[in-house]
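Letter by letter, the chains look like this.
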Amino acid sequence: MENTSNNHSAPIPVDPDGGKLSGVRGQILTFKADPFLHDEKECYDYYADGLVVVQDGVILDVGDYAEVQARYPGLDDVEHHEDAVIMPGFVDAHVHYVQSPMIGSFGDSLLSWLNQYTFPTESKFCDKAFADKVACIFFKEILEQGTTTANVFSTTFAESVDALFEESERYNARTITGKVLQDRNLPDSLRDPDTRESIVIAERLLRKWHHRGRQLYAVIPRFAPTSTPEQLQLAGELYQRYKDQGVYMHTHLDEVQSEIDWVTQLFPEIPNYTEVYRHFGLVDRMSVFAHCCIVRPEEWQILHDADCGIVHCPSSNLFLGDGEFKFWEAKEESRPVRTGMGTDVGGGTNFSILRQVGEAYKVGMLQQRGLSPVRSLYLATRGGAETLHLEHTIGSIAPGYEADMAVIDLKPSYFAAWRLQFSDDIISKLFVLTTLGLNNLNKATYVAGRKVYDRSRERKWLYAADLEK
Ligand code: GUN
Ligand code: ZN
């Protein structure tokens, strides 16, 4: 066993009024600190034969199987996952569920790809039945990949927001989304027709969904070029009114040079892209910025000072030919920035956060910087939770955390199982699996303690709205 932090020794009194206990047994890997800033070995716990005890959706205890089991003599509901490693559920810190229908479209650079595929597809989400169906499929996809928390772009229409939160609620998943605010430079079919009304609708949705169960709301201006200064101003005011209640601001930043040039043209008085958002009150503690590939030093400083989160989306950046994310800039010791991983589907080409870290390694290597496996597995889990300021709630397997877990198969294929016998430790094995880029690495997914996905079960997904024809 490497690095145990759990020092319980006496039997733990079980709350007689609490719900039934259940256990999940297997190898366990979980992160407790940022390996970009601390010695890697101090940042994770690994149990070769571990046990997680769950009560009422929350982790009650975790540690070596024999030790933990002895503390719960009556615990009989234990599921044992052999040849697998239990990890915290993955965090997809930037994804567009509304782009699921156009993932993988042959394209072009970002701005023409948006016009050609993205905007026409998102226009369809004024239809609630269509939105419901895509939300259902989206949750199936992410849960299949072991993602339990997603920070999601819906689109202009309230229907698109309701559809996603409703499906998330069925699973009791922790999901963040909101209405996308966009009132210029896009087709009429997708554009907010009335700027003031767009904010009224966003606030109504916020009041409906924020902290309803595990759901959380984000104020989402798509990016600076698709909002008028008036809409950015009103979005900033809305965010400032609610940020202390944990409402997010989510947008795109510094993805590709043509986008940055456009922002400079639109806001010639403002010195850089991050300052544009700051000017309108959109840079603050709960702000999350996707991409951040081409960032000036003064912008990194603003992001650090405000304690924002940023999201690396490597498969999307490669697919769209954006810029190259620089993790050593993001995690510069004198001004580190909270960083997580995102699929950015439909720019991203799959829903797997483990495959994203495989791509992140290659993006680093293009710049002669290898991203270590410990760092990438942290980014996939706790890093994402930190990006969302949820690191005390999700992203780790530890007492008091919500019981969201993925079960990674160490024998996902005949060849992979054969290959892994030549790697000694769990970190090297997981690195090989992320590098092979397989799509079937996850065996089972627990959300708030319930096994909502199990690939060996006849009904693989529990709770999915029954909409598929
Ligand atoms: N910038 C503004 N909108 C988008 C989008 O939908 N995808 C990506 N990758 N970048 C964007
Ligand atoms: Zn995006």
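Summary of the structure given here. (Residues numbered from 1 in each chain as written. Chains lettered and ligands numbered in written order. Predicted model: local features only at pLDDT ≥ 70, side-chain atom pairs only at ≥ 80, totals over all residues. Heavy atoms only, no water.)

All right, on to the site of ligand 1 then. Taken together, 13 residues are adjacent to ligand 1, and H96, Q99, R222, E255 and D344 come closest. Contact between ligand 1 and D344: a nitrogen atom at 2.8 Å from a side-chain N or O atom of the residue. Coverage of ligand 1 by the protein amounts to 100% of the 280 Å² it exposes when considered alone. Looking at which element gives the most residues to the shell around ligand 1, the answer is helix α2 (residues 110-122), with 3 residues. (Near = heavy atom within 4 Å. Polar contact = N/O pair within 3.5 Å; in protein donor to acceptor, adjacent residues only side chain to side chain. Areas by Shrake-Rupley, 256 points an atom, 1.4 Å probe, with all protein chains shown as cover. Helix = DSSP H or I, 4+ residues; strand = E, 2+ residues; numbered from the N terminus.)

Summed over the entire model, instances satisfying the criterion amount to 31 salt bridges. For R375, the salt bridge is made with E40, and the minimal N-O distance between the two is 3.9 Å. Within this pair, whereas R375 is found in helix α13 (residues 373-387), its partner E40 is found in the loop between β1 (21-31) and β2 (44-55), the two being separated by 335 residues in sequence. R375 sits in the partly exposed class, given a relative accessible area of 24%. Linking R196 and E230 is a salt bridge whose minimum nitrogen-to-oxygen distance equals 3.6 Å. One end of the pair, R196, is in helix α5 (residues 195-209); the other, E230, is in helix α6 (residues 229-242), with 34 residues separating them in the sequence. Classification of E230 by relative accessible area gives partly exposed; the value is 37%. Residues participating in the shared-partner salt-bridge network are R174, R214, E402 and D404. (Salt bridge = Lys/Arg side-chain N within 4 Å of Asp/Glu carboxyl O. Buried < 20%, exposed > 50% of the residue type's maximum accessible area, 1.4 Å probe, protein only.)

Most of strand β15 (residues 442-447) sits inside the fold, with 5 of its 6 residues counted as buried. Sheet topology places strand β14 (residues 405-409) next to β15; 4 bridges connect them, and they run antiparallel. Along β15, the bridge assignment pairs I408 with N442. In this structure, β15 lies alongside strand β16 (residues 450-454), joined through 4 bridges in antiparallel fashion. Considered in β16, the bridge of Y446 is made with K451. Linking β15 to β16, which pair antiparallel, is a turn of 2 residues; within it A448 sits at a positive phi near 45°. (Pairing = 2+ DSSP bridges.)

To continue, consider the packing of α5 against α6. α6 packs onto α5 with a crossing angle of 25° between their chain directions and a minimal axis gap of 9 Å. One finds that α5 runs roughly parallel with respect to α6. Here α5 and α6 pass one another in a crossing that is right-handed. Taking contact as the criterion, the partners of T195, R196, S198, I199, A202, E203, L206 and R207 in α5 are, on α6, E230, Q231, L234, A235, L238, R241 and Y242. Residues that form the contact of α5 with α6 fall into these classes: 7 nonpolar, 3 polar and 5 charged. (Axes fitted to C-alpha atoms, helices over the stretch in contact; angles between N-to-C directions. Parallel < 35°, antiparallel > 145°, perpendicular 65-115°, else oblique. Left-handed = near helix turned anticlockwise from the far one by under 90°. Contact = heavy atoms within 4.5 Å. Nonpolar A, V, L, I, M, F, W, Y, C, P; charged D, E, K, R; others polar.)

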